[in-house]
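Okay, here's what each chain looks like letter by letter:
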Amino acid sequence: MAQPWMLAELPQRPPQRRARAAPPPGTSSQQPRPSSVRSARPVGVRARSAEDWWWDRLAPSGSGYHLLQSDSMLLVLPGPGPARTRVQRRAARRTQRPVPPASRAAAVKARPRPAPVSEPQQGPDPGWGDRIPLEILLQIFGLLVASDGPMPFLGRAARVCRRWHEAASQPALWHTVTLSPPLAGRLAKSGAKAEKKLLASLEWLMPNRFSQLQRLTLIHWKSQVHPVLKLVSESCPRLTFLKLSDCHGVTPDTLVMLAKACPQLHSLDIQHSMVESTAVVSFLEEAGPRMCKLWLTYSSQTTAILGALLGGCCPQLRVLEVSTGINRNSTPLQLPVEALQKGCPQLQVLRLLNLTWLPKPSGRVVTPGPGFPSLEELCLAGSSCNFVSNEALGRLLHDSPNLRLLDLRGCARITPGGLHDLPCQDLEQLHLGLYGTSDRLTLAKEGSHLLTRKWCHALRELDLSGQGFSEKDLEQALAAFSVTPGASHPALCSLNLRGTRVTPSTVSSVISSCPGLLYLNLESCRCLPRGLKRAYRGQEEVQWCLEQLLTSPPSSS
C-alpha cells in the first residue's frame, strides 16, 4: 500500500553520463569522434532541466501523485496537485535552452543584456507553511491544542496565511475551551470591563468556531455569566461538559435554558462557585435522566441538591463528588446511605472529600440497602479525624465486588478486620495514611497482614503512613509480596511507610520482591539508619536504597 507522503532530496544537477574510457597509448586524444557515438542535439529541441527530470521520475503523469517543493526537499503527495506555473517552467528551461552551433560565436560577441523578468502580480510569498497539506496541518494543530488548548494559539495562527487561517477555522479544533477574563482577580471595575471585552469577542467566536464545542470551562466570571451561557445555548448544541469555577450570578433560568438547548450535556461541575440550590435542582429536574457526572461544594444548600438525587432524578449518575470549599463548613453532613443507593444505582465513583459526615441512622431494624454493585472508587479522605467506622463502611460497600480504589486517609476508626470483611477481591489502590491525627486515638497495632494477604496479587499502591502497626506485624504484612500466587512478580509500584516502625530487613525484602517499585517513602521511620529516612522516586533511587541497606552496618537511628 502506498504511503500517504514521502520525502526525496532534490539534487543540484541532473545525473551525468558515464565517463568515456581513456584512449589507448600511442593514439591521439584529438581524433574525430564518429557521428554515431554522440550526435548534436537537433536545432529547436530544448534540454530537460533537473527539476523536470525528477518531476517525471517521482510523480509521472497518471501515477496519482504530485510534488511540492520545499527548500532542498520534495514532498511526494497522493492525489492530483496544482500544475507548475508558466513562470516556473520558463525559469527552469531558460538556463537549459540550446543555442545552434552556427550562431554560437555571434551570440557570444553580441550578447544582449537580458531584460528584467517581471514577477507575477501576487501577494507576498507565504513560505513553506502554505505548501503543507491541510490534513497534515490539522494534525499538527491538533497536537498543540491538546496540550495547550485552542486559545490563544489558534487565534494567532489564523493570522499567518490563508492556509493556516483555513486550518485554524476548523470547528473540530475547538472542542475543548477554557474562558477566563485576563484581569480576573483584580479590582471589580477592571474585572467587569475585561469580561465585557471578552464577551464582545465571544459574540463572533461562538457562532463561527464553537459549533462542535464539547467541553467548556468558565473561570472567574463575576457579572457576565448569563450572557455567556446564553451564547453557548444558541451556538453549542454538542456541549457535553460544563465547569463553573469561581463564578457568580448563575440563575435557575440560565441553567434550565442550557439544559434544554444542549441535549448531550451530561456533566456539570460547579465546585467553588456561588450557585443557588434552586438553580441546580431545576437543572437536574430537566437534565437528570442523562446526567452522568456531578461535582458539588458542600454548603448549607447542599442538602436540597442531595434530596433531589435521593429522589431518583439522576438514575444514570456515574460520578458524584462533594468537597469542602476554602471556608470549611463545620456542620456534619448526614448521608442516608441506603437512599443514595436506591437513587443512584449506577454509581461508579463516590468522593466525599474533607467532609465531616455521618451515615444517617437506619433505625431499630437494620435493613441493608441495594448497595453499589458498579462502584469502582470510594474516597472518604479528610485532613482531620472523621467518624467513619467499620459499620458505616460496610453499609456503603457490602455489595461492591468491583471496587478498585479505596481512599480512607484520616479515617482512624477503620480497622484491618473491617477492611478484610469487604467483598472486593481485586483492590488495586489502598490508602490508609493518617495525617495530623490526635495522640489520644488508640491505633491498631496488629492486623496489617490481613490486608496484604488478601490483596497482594492486585495491589499497585499501598499507603500505611502514620499507622501504629508493630515491627513484627509489618514484617508479616510486607512478606506477603514475596509469595504471590503464580510465581509472578507483585504489581506493587508505590509504597508509603512514612512514620511507621518498619525495619531495614523488612524494607530490603520488599524491594527485592517488587522489581516494579517506583515510589518508596521512608520519612520519619524511627527504626531505619540515619541518611535513609527520605522518599525515593524512580527505580534507580529505590535500588540505591536497597544497596545502602545491604552494605551499611546496623546503626542507631
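Residues numbered from 1 in each chain as written. Predicted model: local features only at pLDDT ≥ 70, side-chain atom pairs only at ≥ 80, totals over all residues. Heavy atoms only, no water.

Where an unreviewed UniProt entry is consulted, the protein chain appears under the name F-box/LRR-repeat protein 6, with the organism given as Lynx pardinus. For the protein chain, the Subunit (unreviewed entry) comment in UniProt is given as "Directly interacts with SKP1 and CUL1." According to its UniProt record, the protein chain has this under Function (unreviewed entry): "Substrate-recognition component of the SCF (SKP1-CUL1-F-box protein)-type E3 ubiquitin ligase complex." (UniProt positions renumbered as here; feature names shortened; annotations may be inferred.)

> Break down the overall build of the protein chain for me, with residues and values.
Along the backbone of the protein chain there are 18 helices and 19 strands. Of the contacts formed within the protein chain by residues at least 6 apart in sequence, a portion of 76% connects residues at least 24 apart. For the protein chain, the accessible area works out to roughly 31700 Å², and carbon and sulfur atoms hold 52% of it. (Helix = DSSP H or I, 4+ residues; strand = E, 2+ residues; numbered from the N terminus. Contact = heavy atoms within 4.5 Å. Areas by Shrake-Rupley, 256 points an atom, 1.4 Å probe, with all protein chains shown as cover.)

> Describe the packing of aromatic side chains, with residues and values.
Per the stated rule, a full pass over the model turns up 5 aromatic pairs. Between F141 and F153, the aromatic rings sit 5.2 Å apart at their centres with planes inclined by 90°, giving edge-to-face as the arrangement. Taken together, the residues span a long stretch of sequence, with F141 in helix α4 (residues 134-148) and F153 in helix α5 (residues 153-157) at a distance of 12 residues. Classification of F141 by relative accessible area gives buried; the value is 2%. Residue classification places F153 among the partly exposed positions, given a relative accessible area of 23%. (Phe/Tyr/Trp six-rings, centres within 6.5 Å; stacked < 30°, edge-to-face > 60°. Buried < 20%, exposed > 50% of the residue type's maximum accessible area, 1.4 Å probe, protein only.)

> I'd like a rundown of helix α9 (residues 252-261), residues and numbers included.
Among the residues of α9, those classed as buried are T254, L255, V256, L258 and A259. Looking at the packing, one finds that the buried side of α9 touches α8 (225-235), β6 (241-245) and α10 (277-287).

> I'd like a rundown of α4, residues and numbers included.
Here α4 contains 15 residues, and its C-alpha end-to-end distance of 21 Å stays within 8% of the 21 Å for a straight helix at 1.5 Å per residue. Every buried residue belonging to α4 is among L137, F141 and V145, and all of these are buried. Looking straight down α4, one finds that the buried residues subtend no more than 70° of arc, so they occupy a single side. In α4, the exposed positions that point more than 90 degrees away from the buried face belong to E135, Q139, L143, A146 and S147. Immediately beyond the C-terminal end of α4, within one or two residues, lies G149, with a positive phi of roughly 90°. (Expected span 1.5 Å × (residues − 1). Arc of directions from axis to C-beta.)

> Any chance you could break down the confidence of the model for the protein chain for me, citing the residues and the numbers?
Mean pLDDT over the protein chain stands at 80; residues scoring 70 or higher make up 71%. Low pLDDT, under 50, characterises residues 1-15; the predicted model gives this stretch 29 contacts beyond four residues in sequence or across chains. (pLDDT = per-residue confidence, 0-100.)

> Lay out the nonpolar core in plain terms, naming residues and giving numbers.
Core analysis: the biggest nonpolar cluster contains 122 residues, and L202, L284, L309, L378, L380, L406 and L419 have the highest contact counts within it. Considering every element that reaches this core, the biggest residue donor is α10, with 6 residues. Apart from the residues within four sequence positions on either side, L406 is in contact with L378, L397, L419, L422, L427, Q429, L430 and H431. (Core = buried A, V, L, I, M, F, W, Y, C linked by side-chain atoms within 4.5 Å.)

> Mind laying out the pairing of strand β11 (residues 349-353), listing which residues take part and the relevant values?
Within β11, 4 of the 5 residues are buried, which leaves it mostly tucked inside the rest of the structure. Pairing of β11 with strand β13 (residues 377-379), which is carried by 3 bridges, proceeds in the parallel orientation. Following the sheet pairing, R351 is matched in β13 by C379. (Pairing = 2+ DSSP bridges.)

> Tell me about the pattern of salt bridges, and please be specific about residues and values.
Evaluation of the coordinates by the stated rule reveals 10 salt bridges. Two residues, D407 and R409, come together in a salt bridge whose shortest N-O distance is 2.5 Å. The exposure class assigned to D407 is buried, which follows from its relative accessible area of 4%. (Salt bridge = Lys/Arg side-chain N within 4 Å of Asp/Glu carboxyl O.)

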